[in-house]
Amino acid sequence: MNKFTGVDYFNVESLLAEDEIMVRNSVREFVDDRIIPIIEKHYREEKFPHHLVKELGKLGLFGITLPQKYGCAEMNNVSYGLVMQELERGDSGIRSFVSVQTSLVMYPIFTFGSEEQKDYWLPQLASGEKIGCFGLTEPDFGSNPGGMITHAEKVNGGYKINGAKMWITNGTIADVAVVWGKLDGEVRGFLIEKGTKGFTAPEMKGKHSLKASVTSELIFQDVFIPEKNILPGSKGLKSPLMCLNQARYGIAWGVVGSMMACYDSALNYAKSRIQFSKPIAAYQMTQEKLVYILTEITKAQFINLQLGRLKDKGEVKHTQVSMAKRNNCEKALETARIAREILGANGILDEYPIMRHSQNLESVKTYEGTHEMHTLIIGEDITGYAAFD
Amino acid sequence: MKIAVCVSHVPDTAAKINIGSDGISIDPSGVTYVVNPYDEFAIEEALKSKEKFGGETVAISLGGDANKETLRKALAMGIDNAVLLKDSGYRDSLSVSKALAEEIKAQGAELVFFGKQSVDFDNSVVGQLTAELLGYNCISVAVSFVLDGNKIICEREIEGGKEVVETNLPAVITAQKGLNEPRYASLKGIMAAKKKEIIEKIPAAATNYVEVLTMKKPASKQAGKIIGTDASAVPELIRLLREEAKVI
């Protein structure tokens, strides 16, 4: 296999700072050495490559925008995006792991947590010694999280939690769950540690997507947590939605990595696959497909970079994040399917990464706000009419 | 102890190389440059030595401004200081070694790591020449390195096996693949490297004994020939290997 040297038709690299390029290159090397050689086996066997967690921590990929005093790199959002992009060139499941740890666990603890919670959890989550998960979605409340049933009740010395969450990445392997539930009718965040009485996290099996990632249910039956485990700064549904906005930003970048992997594989295949005595790359229909994929990658690269620059300036709107997530995920899935067509029957084999990416992207298009919900969020922004309650 | 590592900035081995318009240099346009892969083993061994014995590490590179990228990576991996010997003109191996030896002497480094060769021009002699110019001992193509007091024991890769050799500080070691597993530049390392300064110096002028006359690309490969897909093709294959390829 040829070494991956990036996809950059418009020299987007010239718009990156030296340290941003170094971050990208370092993660790219890591993905080539440590993820790509093992990922197909883990995917096939439905096993999360647990041994990589500490290595990812050592590289500094958890909570990369958070302050150095918590053991984080304190880098900008463009660097965070590039990390997501490179990781997802390996696999969406690995990127999901880092997304969840960073945007959905470390971010809320940092943003809504007490000093004590930050000092205790953030360094351990940054190093990968501890794993976290985020519990918002419920079996009957996906796009409409405000309807959640999970609730907390004030009891002597703390809270009693009851309810259930579903589709929780890392749930079964997490040491701490950031769980959202209603306290006196208001959504609040709670930290629930593994092993707490009444808390179980069975793994959901039978997925045809994100098979190298752990997805779980979280079940709370009269789970008592001490007073100090509430996230004191969390107030209402806005708090978890702020977390999702962080994660969606990472996804918008991540899927470009999947697109690059599929494009690279399809381009190499097209140049070496001979039919009717010439490479299929020499046929117009194949060229049209390759050009379409490359163009979509290029557009998504520019959307992401500008989104990141706006975020670094503190000027980004959540509707812009929605547009990036919506567009890039849709195009990633569409172009993965086109790339698979270029490989013909070979495209379905796990000798090539395309089918795995394509299957993963089915989930990625749906999670963290479905394609439809992002459409309605932007629709409301531009028309002033909310097409949902 | 002061530990130096000499690093070279070379075209990525995956890059397609074109010859420049002068006919005697590589056209750098469109070519990605990287840290010479063997130098990554040298950097790692320098870092490991510092972690074990303390002291200070310095990376030295000879070349133009572009070499800063390679020095920056060495810093991001954990090297303490970096020196760019700024001269982008042509130098033969001896002339490169002279500039490096001068800087190593100025740094007062007793232990010096090189990659066993630079993958751009492949002369594989700069480490050894530098040792000679410094009057240091030298072990080349090392696949293991142990320092005990003043004594160094290395395994060297040789044809068909390994030999174990011993020498003393001060010394130059040239690194072969297998010496260690180079670490990745961590994000924290990259942030720390941003704050470190690359010191620029002008080396003594080149005195070259070797001149490049011309560069040529290798002849393009001939297309392969499929003479059959089963055992019936074997006699014909043997005939061709004997009569056309003349290899058996």
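Our structure is the block above this text.
What you see is a predicted model; the values in this text were computed from it and never measured.

About the cut-offs
- Residues numbered from 1 in each chain as written.
- Chains lettered and ligands numbered in written order.
- Predicted model: local features only at pLDDT ≥ 70, side-chain atom pairs only at ≥ 80, totals over all residues.
- Heavy atoms only, no water.
- Contact = heavy atoms within 4.5 Å.
- Buried area = accessible area lost by both parts, 1.4 Å probe.
- Salt bridge = Lys/Arg side-chain N within 4 Å of Asp/Glu carboxyl O.
- Polar contact = N/O pair within 3.5 Å; in protein donor to acceptor, adjacent residues only side chain to side chain.
- Buried < 20%, exposed > 50% of the residue type's maximum accessible area, 1.4 Å probe, protein only.
- Helix = DSSP H or I, 4+ residues; strand = E, 2+ residues; numbered from the N terminus.
- Pairing = 2+ DSSP bridges.
- Phe/Tyr/Trp six-rings, centres within 6.5 Å; stacked < 30°, edge-to-face > 60°.

(A) Fine view of the interface of chain A and chain B. Contacts between the two partners involve 23 residues from chain A and, on the opposite side, 17 residues from chain B. When chain A packs against chain B, close to 1,600 Å² is buried across both sides, 62% of that on carbon and sulfur atoms. Counting across the chain A and chain B interface gives four salt bridges. As a salt-bridge pair, Asp12(B) and Lys3(A) come within 3.0 Å of each other at their nearest N and O atoms. Counting across the interface, chain A meets chain B through seven residue pairs in polar contact (both at pLDDT 80 or more).

(B) Region of interest: the pairing of strand S4 (residues 176-183) of chain A. Residue and element names in this part refer to chain A. Within S4, seven of the eight residues are buried, which leaves the element mostly enclosed by the surrounding structure. Sheet topology note: the strand S1 (residues 132-135)/S4 ladder contains four bridges and is parallel. Following the sheet pairing, glycine 132 is matched in S4 by valine 176. Here strand S2 (residues 151-155) pairs with S4 via two bridges, running parallel. Looking at S4, one finds that alanine 152 is bridged to leucine 183. Pairing geometry for S4 and strand S5 (residues 186-193), over eight bridges, is antiparallel. Across the sheet, residue valine 176 finds its bridge partner in S5, namely glutamate 193. The hairpin turn running from S4 into S5, its antiparallel successor, is two residues long, and aspartate 184 in that turn takes a positive phi close to 50 degrees.

(C) Structural view of the packing of aromatic side chains. Residue and element names in this part refer to chain A. Using the criterion set out here, one finds 17 aromatic pairs over all chains in the structure. Seen from their ring centres, tyrosine 70 and phenylalanine 110 are 6.2 Å apart, and the 75 degrees between their planes marks the pair as edge-to-face. With tyrosine 70 in the loop between helix H2 (52-59) and helix H3 (77-90) and phenylalanine 110 in helix H4 (residues 92-112), the pair connects residues that are 40 residues apart, well separated along the chain. Residue class for phenylalanine 110 comes out partly exposed when judged on its relative accessible area of 28%.

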